[in-house]
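# Coordinate inspection notes
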Amino acid sequence: MFNLKKFNQSEIEKIIKEEKLPSYRGKQLMQWIYKKFATSIDEITEWPKSLRLNFSQKYYIGNIKLIERKISSDGTEKFLWELEDNEKIESVIIPDKERLTLCISSQVGCPLKCKFCLTGKIGFRRNLNTWEIVDQFIQVSKLIKTKDSEERKITNIVFMGMGEPLLNFDNFVEALWRFKNLIEFSPRRITLSTVGIVPALKELPQKAPPIKLAISLNATDEKTRSLLMPINKKYPLHELLKTLREYPLKPRQRITFEYVMLKGINSSEEDAFRLSQILKGIPSKINLIPFNPWEGCEFRKPDEPEILKFQEILASKGYSVFIRKSKGTDILAACGQLKALYIYNLS
Ligand code: SAH
């Protein structure tokens with residue numbers, strides 16, 4: 001049996017030809033999967049029953065399976081999925097006024113082992129396939145459809161769930177093309193968050209549709225960054241910043257820098273001044289994320305006045321800098337808290 005979501009558009013066209021079906025059947029199939037979110041061939045009511053039956057002998061529409069859905073007091077929701085090989089991943093939706101942002105996972109676990117991030121504790125299990133990345137959008141879209149006329153729709157996508165998207169480059173990029181061409185979701189409403197895998201960053205503008213870029217910076221000097229994020233030894237801060245200075249941006253486009261604030265580690269006034277220095281020449285926006293704690297972690301978030309002072313220094317240097325209020329902390333759905341808790345119970 002073949003999962004139809006594993007094929008791209010031209011492969012589907014080929015299958016339709018092989019099955020001796022007219023090409024419009026292929027278009028219908030893609031419509032039903034990516035626009036109407038059909039979860040089985042039998043739902044394709046535009047097809048005669050006999051065709052549905054026949055097609056189902058060889059093909060099926062695969063679905064990641066919902067295991068658990070948790071709603072936070074602030075409206076954030078976390079979805080736990082089971083994959084066909086029983087691995088587990090999580091996605092989160094974050095409502096904010098008119099926006100509804102879907103936070104997507106790109107790997108099962110993560111190989112990067114950033115010290116402050118809970119996902120790193122699982123270690124790396126495997127890359128997600130293209131269809132497993134895209135299916136998080138499809139399944140959530142289906143689940144949040146309300147029965148009344150007012151429809152809830154995802155307005156933004158961020159690759160900020162489990163895993164490092166640029167370490168799953170081909171599947172990540174192919175997923176972006178499917179979002180753009182099949183789901184018809186604007187790439188400008190998609191954000192990649194990455195620690196900065198330098199060679200992949202250099203390749204991205206030629207290979208992918210034009211998405212927004214967010215860099216998890218988290219430190220202002222090589223030593224501290226290497227301590228917090230071991231990947232910095234392979235792709236050091238200075239090399240990353242150089243790559244970003246040369247990164248092709250559209251007019252008015254900016255790179256977002258995410259900065260997890262850790263008390264006594266990266267939150268001093270000196271750090272704020274150094275940050276303003278090292279970002280010179282890069283059109284940037286800074287998101288300060290006060291550390292979200294998890295059981296057994298060695299870090300604390302800085303006190304409010306320290307965070308505000310950090311922000312003030314950067315603002316005085318002309319940067320747009322926001323303090324990101326963490327959402328969904330009560331259900332471990334915030335940044336760095338995803339680990340499919342009940343399954344990979346490691347703490
Ligand atoms: N691997 C990618 C995608 C994950 S995004 C990346 O690192 O960018 C997850 C974001 O949450 C990153 O910006 C990371 O720095 C941040 N983060 C991780 N653990 C956190 C924690 N405990 N508190 C706050 N932010 C955290």
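One numbering rule holds for all chains: residues counted from 1, following each sequence as written. Under the rules for a predicted model, residues below a pLDDT of 70 receive no local features and side-chain atom pairs below 80 are neither given nor counted, while totals for whole chains, interfaces and linings still include all residues. Neither water nor hydrogens contribute to the side-chain values; these are computed over all heavy atoms in the structure.

### Some thoughts on the overall build of the protein chain
Here a helix means four or more residues in a row that DSSP labels H or I, a strand means two or more in a row labelled E, and each is numbered from the N terminus. When helices and strands are tallied, the protein chain shows eleven helices and 14 strands. The globule rule used here is 2.2 Å times the number of residues to the 0.38 power, and the radius of gyration it is set against is calculated over C-alpha atoms. Over its C-alpha trace the protein chain gives a radius of gyration of 21 Å, about what one expects of a compact globule, namely 20 Å for 347 residues. Once the C-alpha set of the protein chain is aligned to its principal axes, its extents read approximately 70 × 40 × 40 Å. In the protein chain, the share of contacts with a sequence separation of at least 24, taken over all contacts with a separation of at least 6, comes to 67%. Summed over its atoms, the accessible surface of the protein chain is roughly 16,600 Å², and 51% of this surface lies on carbon and sulfur atoms. For the protein chain, the separation between the mean place of its 57 positive charges and that of its 42 negative charges on side chains is 3 Å. Contacts are assigned to residue pairs with any non-hydrogen atoms lying within 4.5 Å of each other. Methods summary: accessible areas were calculated by the Shrake-Rupley approach with a probe of 1.4 Å, and residue burial reflects only the protein chains presented. Counting rule for charge: Lys and Arg are taken as positive, Asp and Glu as negative, and neither His nor the chain ends is counted. By convention, the point assigned to a charge is CZ for Arg, NZ for Lys, CD for Glu and CG for Asp.

### Here's the deal with the domain arrangement of the protein chain
Taken domain by domain, the protein chain holds domain 1 (2–60) and domain 2 (65–331). One C-alpha centre belongs to domain 1, the other to domain 2, and the line joining them spans 34 Å. With 14 residues of domain 1 in contact, the opposing surface of domain 2 contributes 14 residues. Here domain 1 packs against domain 2, burying approximately 1,300 Å² in sum over the two surfaces, 56% of which is carbon and sulfur. Where each domain begins and ends follows an automated or database-derived domain assignment. When two parts are put together, the accessible area they lose, computed with a 1.4 Å probe and summed over both, is reported as buried area.

### Remarks on the packing of aromatic side chains
Given two aromatic rings, one states the distance between the centres and the angle between the planes to describe the pair. Stacked, tilted and edge-to-face are the three classes applied to pairs of Phe, Tyr and Trp rings, where Trp contributes its six-membered ring and a pair requires centres within 6.5 Å; stacked means planes under 30 degrees apart, edge-to-face means over 60, and tilted covers the rest. On inspection of all chains with the given rule, the structure shows eleven aromatic pairs. An angle of 75° between the planes, with centres 5.5 Å apart, marks the rings of F137 and F185 as edge-to-face. Placement of F137 in helix 5 (residues 130–144) and of F185 in the loop between helix 6 (169–181) and strand 10 (190–194) is noted, with a sequence separation of 48 residues between them. Each member of the pair, F137 as well as F185, carries the same accessibility label: buried. Ring geometry for F291 and F299: centres 5.9 Å apart, planes at 75°, overall edge-to-face. Burial classes: relative accessible area under 20% of the type maximum marks a residue as buried, over 50% as exposed, and values in between as partly exposed (1.4 Å probe, protein chains only). Note on F291: relative accessible area 3%, which makes it buried. Here the aromatic cluster, defined as three or more aromatic residues joined through ring pairs, consists of F2, F7, W47, F55 and Y59.

### Focus on the sheet that holds strand 13 (residues 284–290)
Strand order in this open sheet of ten strands is 3-4-5-6-9-10-11-12-13-14, and the pairing throughout is mixed. The open sheet has two edge strands, strand 3 (65–71) and strand 14 (320–323), and neither has a second partner. Direction aside, neighbouring strands of the sheet carry axes that sit 20° apart on average. Note: strand 3 against strand 4 (residues 77–82), six bridges, orientation antiparallel. Looking across to strand 4, one finds that I71 is bridged to E77. For two strands to count as paired, DSSP must find a minimum of two bridges between them. A fitted line through C-alpha atoms serves as each axis, taken over the contacting stretch for helices, and the angle formed by two N-to-C directions is quoted from 0 to 180°.

### With respect to the pairing of strand 6 (residues 99–103)
With four of its five residues buried, strand 6 lies for the most part within the structure. Strand direction decides the pairing type here: strand 5 (residues 88–96) and strand 6, joined by five bridges, are antiparallel. Opposite I93, over in strand 6, you have L102 as the bridge partner. Taking the residues between adjacent antiparallel strands as the criterion, strand 5 and strand 6 are bridged by two residues, where K97 takes a positive phi near 50°. Sheet topology note: the strand 6/strand 9 (residues 156–159) ladder contains three bridges and is parallel. Residue pairing in the sheet places C103 in a bridge with V158 of strand 9.

### Regarding the pairing of strand 10
Within strand 10, five of the five residues are buried, which leaves the element mostly enclosed by the surrounding structure. Burial along strand 10 is two-sided: the residues I190, L192 and T194 and T191 and S193 are all buried. Relative to strand 10, strand 9 is paired through three bridges, and the arrangement is parallel. Residue pairing in the sheet places F159 in a bridge with L192 of strand 10.

### Comments concerning the pattern of salt bridges
The working definition used for a salt bridge is a side-chain nitrogen of Lys or Arg within 4 Å of a carboxyl oxygen of Asp or Glu. All chains considered together, the criterion is met by 23 salt bridges. Across the pair R52 and D42 runs a salt bridge, and its minimum N-O distance is 3.5 Å. Of this pair, R52 sits in helix 3 (residues 49–56) while D42 sits in the loop between helix 2 (23–34) and helix 3, and the two are ten residues apart along the sequence. Among the residues examined, R52 registers a relative accessible area of 11% and is labelled buried. Look at D42 and you get partly exposed, because its relative accessible area is 42%. A network of salt bridges, in which partner residues are shared, links D221, E270, D271 and R274.

### Here we look at the nonpolar core
Think of a nonpolar core as a cluster: buried Ala, Val, Leu, Ile, Met, Phe, Trp, Tyr and Cys residues, connected wherever their side-chain atoms sit within 4.5 Å. One finds L4, F116, F179 and L204 to be the most contacted residues of the largest nonpolar core, which totals 105 residues. Element by element, the count of residues in this core is highest for helix 5, at seven residues. Counting only domains with at least three residues in this core, you end up with domain 1 (2–60) and domain 2 (65–331). Counting five residues, the second-largest nonpolar core is a separate cluster that includes V92, C103, I331 and A333.

### Examining the packing of helix 6 against helix 7 (residues 198–207)
With their axes 12 Å apart at the nearest point, helix 6 and helix 7 run at an angle of 30° to one another. One way to sum up the angle between helix 6 and helix 7 is to call them roughly parallel. Our pair here, helix 6 against helix 7, has a crossing hand that is right-handed. Seen from helix 6, the contacting residues are F169, F172, V173 and W177; seen from helix 7, they are A200, E203, L204 and K207. All amino acids are sorted into three groups, where Ala, Val, Leu, Ile, Met, Phe, Trp, Tyr, Cys and Pro are nonpolar, Asp, Glu, Lys and Arg are charged, and the leftover types, Gly among them, are polar. A per-class count over the contact of helix 6 with helix 7 returns six nonpolar, no polar and two charged. Oblique is the label for any angle not covered by the other classes, which are roughly parallel (under 35 degrees), roughly antiparallel (over 145) and roughly perpendicular (65 to 115). Handedness of a helix crossing follows the sense of rotation of the near helix relative to the far helix, less than a right angle counterclockwise being left-handed and clockwise being right-handed.

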